[in-house]
Amino acid sequence: MSVEKRTKSIDLSHHLSELSKARATSPLKGLMKYFSQPGILALGGGLPSPAYFPVSDISANVLVPESFALAPIESSTSFTWLWKLFGSQNATKEKTQAVTIPKYTTVDGDINLASSLQYGAAIAQQQLQVFLKNFISEVYQPAFEDWTVLIDTGNTDGWSRAVTTLCNPGEGVLCEEWTYPSAIASMLPSNIKPVPVAMDGLGMKSDALENLLSQWDPVSRQMPRPHVMYIVPVGQNPSGSTMSVERKKQIYDICVKYDVIIVEDDPYYFLQLGDYTFKGDRSPGATASGKPSAEESKRYVSTLNPSFLNFDYQGRVIRLDTFSKTIAPGSRLGWFTCNPVFAERLERQGETSTQAPCGFGQAVITKILTHWTYDGYIRWLRGLRTEYQQRRNFFIDCLADEFHLNAVPAVAGVWQGCIAYEASSKVKKSTSMTEKYSTRNRTMFSFVPPVAGMFVWMKLHLDQHPSFTPGDEDTLETKLWTKLAENGVLFGPGWMFAANALDGDSENTNAGHFRISFSNVDLPDLKKAVTIFGRVVREFFEEEGL
Ligand code: PLP
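Please read these numbers as outputs of a predicted model, since none were measured by experiment.

**Digging into the overall build of the protein**
Inference 1: Along the protein, the regular secondary structure elements total 14 helices and 17 strands.
Inference 2: Sorting the 546 residues of the protein into buried and exposed places 53% on the buried side.
Inference 3: Considering only contacts in the protein between residues 6 or more positions apart, those separated by 24 or more positions represent 76%.
Inference 4: A total of about 24,400 Å² of accessible surface is found on the protein, and carbon and sulfur atoms cover 53% of it.

**Some thoughts on empty space enclosed by the protein**
Inference 1: As enumerated under the stated definition, the model contains four cavities of 30 Å³ or more in all.
Inference 2: What the largest cavity holds in volume is close to 60 Å³.
Inference 3: Forming the walls of the largest cavity are Phe-135, Asp-266, Pro-267, Tyr-268, Tyr-269, Phe-270, Asp-321, Thr-322, Thr-326, Trp-335 and Tyr-377.

**Description of the nonpolar core**
Inference 1: In this structure, Phe-135 and Met-229 are the most contacted members of the largest nonpolar core, which totals 60 residues.
Inference 2: Apart from the residues within four sequence positions on either side, Phe-135 is in contact with Tyr-140, Phe-270, Trp-335, Tyr-374, Tyr-377, Ile-378 and Leu-381.
Inference 3: Judged by nonpolar contacts, the second largest core, of 54 residues, contains Phe-403, Leu-405, Val-448 and Ile-532.

**Description of the pattern of salt bridges**
Inference 1: Enumeration according to the criterion identifies 20 salt bridges in this entry.
Inference 2: One salt bridge connects Lys-21 with Glu-18, and the closest N-O pair in it is separated by 3.4 Å. Here the residue Lys-21 and the residue Glu-18 both occupy positions in helix H1 (residues 18–21), the gap between them amounting to three residues, near one helical turn.
Inference 3: Across the pair Glu-344 and Arg-345 runs a salt bridge, and its minimum N-O distance is 2.7 Å.
Inference 4: Judged by relative accessible area, which is 27%, Glu-344 ranks as partly exposed.
Inference 5: Taken together, the shared-partner salt bridges in this structure form one network comprising Glu-344, Arg-345, Glu-347, Arg-348 and Glu-351.

**Considerations on the layout of surface pockets**
Inference 1: Computed from the structure, the second largest pocket encloses a volume of approximately 1,000 Å³.
Inference 2: Every element with two or more residues in the lining of the second largest pocket is listed here: helix H5 (155–166), helix H6 (181–187), helix H12 (359–402), strand E17 (513–517) and helix H14 (523–541).
Inference 3: For the lining of the second largest pocket, the class distribution of residues is 28 nonpolar, 14 polar and eight charged.
Inference 4: Each of two domains, domain 1 (1–14 + 123–269 + 304–353) and domain 2 (389–542), supplies a minimum of three residues to the lining of the second largest pocket.

**Observations concerning the side chain of His-227**
Inference 1: Its place among the elements puts His-227 in the loop between helix H8 (218–221) and strand E8 (228–231).
Inference 2: Separated by 3.4 Å, the side chain of His-227 and the backbone oxygen of Leu-166 make a polar contact.
Inference 3: Among all residues touching His-227, those that are not within four sequence positions of it are His-15, Leu-166, Cys-167, Glu-171, Asp-259, Val-260 and Ile-261.

**Observations regarding the site of the ligand**
Inference 1: Thr-156, Asp-265, Tyr-268, Thr-322 and Ser-324 are the nearest of the 14 residues found near the ligand.
Inference 2: Between the ligand and the protein, one listed contact pairs an oxygen atom with a side-chain N or O atom of Asn-237 at 2.8 Å.
Inference 3: Taking Ser-324, its side chain carries an N or O atom lying 2.6 Å from an oxygen atom of the ligand.
Inference 4: Taken by itself the ligand offers 400 Å² of open surface, and the protein chains cover 91% of this.
Inference 5: Placement of the ligand is best described as lying within the second largest pocket.
Inference 6: In terms of residue class, the shell around the ligand is made up of five nonpolar, six polar and three charged.

**Looking at the pairing of strand E3 (residues 148–152)**
The side chains of a regular strand alternate, residue by residue, between the two faces of the sheet.
Inference 1: When you tally the buried positions in E3, you get four out of five residues, the bulk of the element.
Inference 2: Sheet topology note: the E3/strand E11 (residues 334–338) ladder contains five bridges and is antiparallel. Paired with Asp-152 across the bridge in E11 is Gly-334.

**Digging into the environment of Glu-387**
Inference 1: Positionally, Glu-387 belongs in helix H12.
Inference 2: You can call Glu-387 buried: its relative accessible area is 8%.
Inference 3: A sequence separation of 315 residues divides Glu-387 from Pro-72, and the C-alpha atoms of the two residues are 7.2 Å apart.

**Some thoughts on the packing of helix H10 (residues 294–303) against H12**
Inference 1: Their axes nearest at 9 Å, the elements H10 and H12 cross at an angle of 50 degrees. The orientation of H10 relative to H12 falls into the category oblique. With respect to the hand of their crossing, H10 and H12 are arranged in left-handed fashion. Residue-level contacts link Ala-294, Glu-296, Ser-297, Arg-299, Tyr-300 and Val-301 of H10 to Tyr-374, Asp-375, Ile-378, Arg-382 and Arg-385 of H12.
Inference 2: Among the residues making up the contact of H10 with H12, the classes are represented as five nonpolar, one polar and five charged.

**Overview of the packing of aromatic side chains**
Inference 1: Counted by the stated rule, this structure contains 29 aromatic pairs.
Inference 2: Aromatic ring contacts, followed pair by pair, group Phe-68, Phe-131, Phe-135, Tyr-140, Tyr-269, Phe-270, Phe-323, Trp-335, Trp-372, Tyr-374, Tyr-377 and Trp-380 into a single cluster.
Inference 3: We note Arg-319 situated over the ring of Tyr-269; from NZ or CZ to the ring centre the distance is 4.9 Å.
Inference 4: A cation over a ring is seen here: Arg-515 above Phe-455, with NZ or CZ 4.0 Å from the ring centre.

**Let's talk about the environment of Gly-280**
Inference 1: Relative to the elements of secondary structure, Gly-280 occurs in the loop between strand E9 (261–265) and H10.
Inference 2: Accessibility expressed as a relative area gives 76% for Gly-280, which makes it exposed.
Inference 3: It is 9.9 Å that separates the C-alpha atoms of Gly-280 and Asp-397, two residues lying 117 residues apart in sequence.

**Things to note about the packing of helix H13 (residues 473–486) against H14**
Inference 1: The geometry of H13 relative to H14 is characterised by a closest axis approach of 10 Å and an angle of 140 degrees between their N-to-C directions. The pairing of H13 with H14 is recorded here as oblique in orientation. Every pair of crossing elements has a handedness; the one defined by H13 and H14 is right-handed. Between H13 and H14, the residues in contact are Leu-476, Lys-479, Leu-480, Lys-483 and Leu-484 and Phe-533, Val-536, Val-537 and Phe-540, respectively.

**A few points about the pairing of E8**
Inference 1: Burial of the side chains of E8 extends over both faces: Val-228 and Tyr-230 are buried on one face and Met-229 and Ile-231 on the other.
Inference 2: Strand direction decides the pairing type here: E8 and E9, joined by four bridges, are parallel. Among the inter-strand pairings, Val-228 is bridged to a residue of E9, identified as Ile-261.
Inference 3: Crossover connection from E8 via helix H9 (residues 245–257) to parallel E9: handedness right-handed.

Reading guide: rules and limits
Residues numbered from 1 in each chain as written. Predicted model: local features only at pLDDT ≥ 70, side-chain atom pairs only at ≥ 80, totals over all residues. Heavy atoms only, no water. Helix = DSSP H or I, 4+ residues; strand = E, 2+ residues; numbered from the N terminus. Buried < 20%, exposed > 50% of the residue type's maximum accessible area, 1.4 Å probe, protein only. Contact = heavy atoms within 4.5 Å. Areas by Shrake-Rupley, 256 points an atom, 1.4 Å probe, with all protein chains shown as cover. 1 Å grid on protein atoms, 1.4 Å probe; cavity = no way out; pocket = protein on both sides within 12 Å on 5 of 7 lines; lining within 4 Å. Points joined across faces, edges and corners; volume = space filled by probe spheres on them. Core = buried A, V, L, I, M, F, W, Y, C linked by side-chain atoms within 4.5 Å. Salt bridge = Lys/Arg side-chain N within 4 Å of Asp/Glu carboxyl O. Nonpolar A, V, L, I, M, F, W, Y, C, P; charged D, E, K, R; others polar. Domains from an automatic or database assignment. Polar contact = N/O pair within 3.5 Å; in protein donor to acceptor, adjacent residues only side chain to side chain. Near = heavy atom within 4 Å. Sits in = over half its atoms within 2 Å of the grid points. Pairing = 2+ DSSP bridges. Axes fitted to C-alpha atoms, helices over the stretch in contact; angles between N-to-C directions. Parallel < 35°, antiparallel > 145°, perpendicular 65-115°, else oblique. Left-handed = near helix turned anticlockwise from the far one by under 90°. Phe/Tyr/Trp six-rings, centres within 6.5 Å; stacked < 30°, edge-to-face > 60°. Lys NZ or Arg CZ within 6 Å of the ring centre and 35° of its normal. Right-handed = clockwise from strand over helix to strand, strands pointing away.

Structure below.
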């Protein structure tokens, strides 16, 4: 992954929007750099005295980095949830370590509330800056030299700032044909429209992107050729697809050719789960606790799918990272990694709205990270990955228990190039002593086990429904979705993830999907949900006496 010779980013300032160019430095924020000078007598700002901050310290019990096992632990009767430390399978107590953030500190560089809770620079508290810079150089290894870090309040904020910093009203943004609805919702009111690009099993298709850009006609499209891309390359939301290194390089090269800025929204980067294999074919999980170590961090990081940053020799990628999926969404903390020109404009935008993410959150997260250290955090991420891998496996095992799953190579559509599982009914007929299973031929739905992220994207084979008429997919999807909701199971309705769904302009003919998240409910409830789904979906496809 390492790049031999790194150069500085090229000048990409022509991508800045009119709004962004018009932003001046907040006059008060311009003074901030002097506040941190040792010995300065700061009488210039409206800073409250820390003596009046009502919190004298914050203490927390933090899970140890090796709290979760490094390989799925499964047994025939139960599913071990929290990694049981020190070999005791009956241990119920989480192993924690106490950390404290005092208001004042005498040790140089220690995190303290007097400065964390004070007005501060929008880029990040100093200790967090240091941690993130090291993290980025170890994990993403950007290919350009002058990358910089700027914190935000998570990727929702990151994208919303990026789009207004780069796009003018009337422009379009390239995105996957199925995408994260909030990303679209944040740009539509500014009259910035999604420009969907076809997908296959690896996410956005490079040939479709090339065709779209090379044949762009601003007159018939009523907008200039897009110069910004929004992309979720790992554990894509909603399709679950993950882009290969080769595909990323192709997309990057096309973006160089047509001068497109890539905004890489990557919240599921550390949930790279690997392939799914059926229950009976899995090897038993490891039992070692796996202490954090530099060697293990290096080895693990080398197994991860590289970020677009890793090929970005020009500085045209704005990468969005978030602590939402790795620490907690309520922390509202994330960061941009990008070239210094974009970072400066993004900072200008932040300092007149949130100023900086909440000081309490920054202090606590920074304390956890610096307490764990880089290797501890990587160890934590590896454990999380295993947890979600177990959940993914468990959920698909439940589907395999409930339905007959037939593995077939997908030749078209969002799964082209992958092995998809087609689900048909497993009808159970009891006889006096034995149980026979007869399998019906009708495929009710299909899916590809995701190799990253939190979602299974389920395609409904609505043409197999007795009352199907072409063009009626959305109605049938909603009908089934409502039946499920009435029976107590809530899935994400597929229509809302179509890139142009909110535009009132949906041309996506490949409709009829559910997005199912295996990330949150307990395993027994996950099992219950699949059982209810099984009953409801069978009834649905057997309507009208078929
Ligand atoms: N981007 C994508 C693709 C997501 O799936 C999500 C959360 O579901 C977010 C952004 C939101 O991230 P954050 O909590 O950092 O704002």
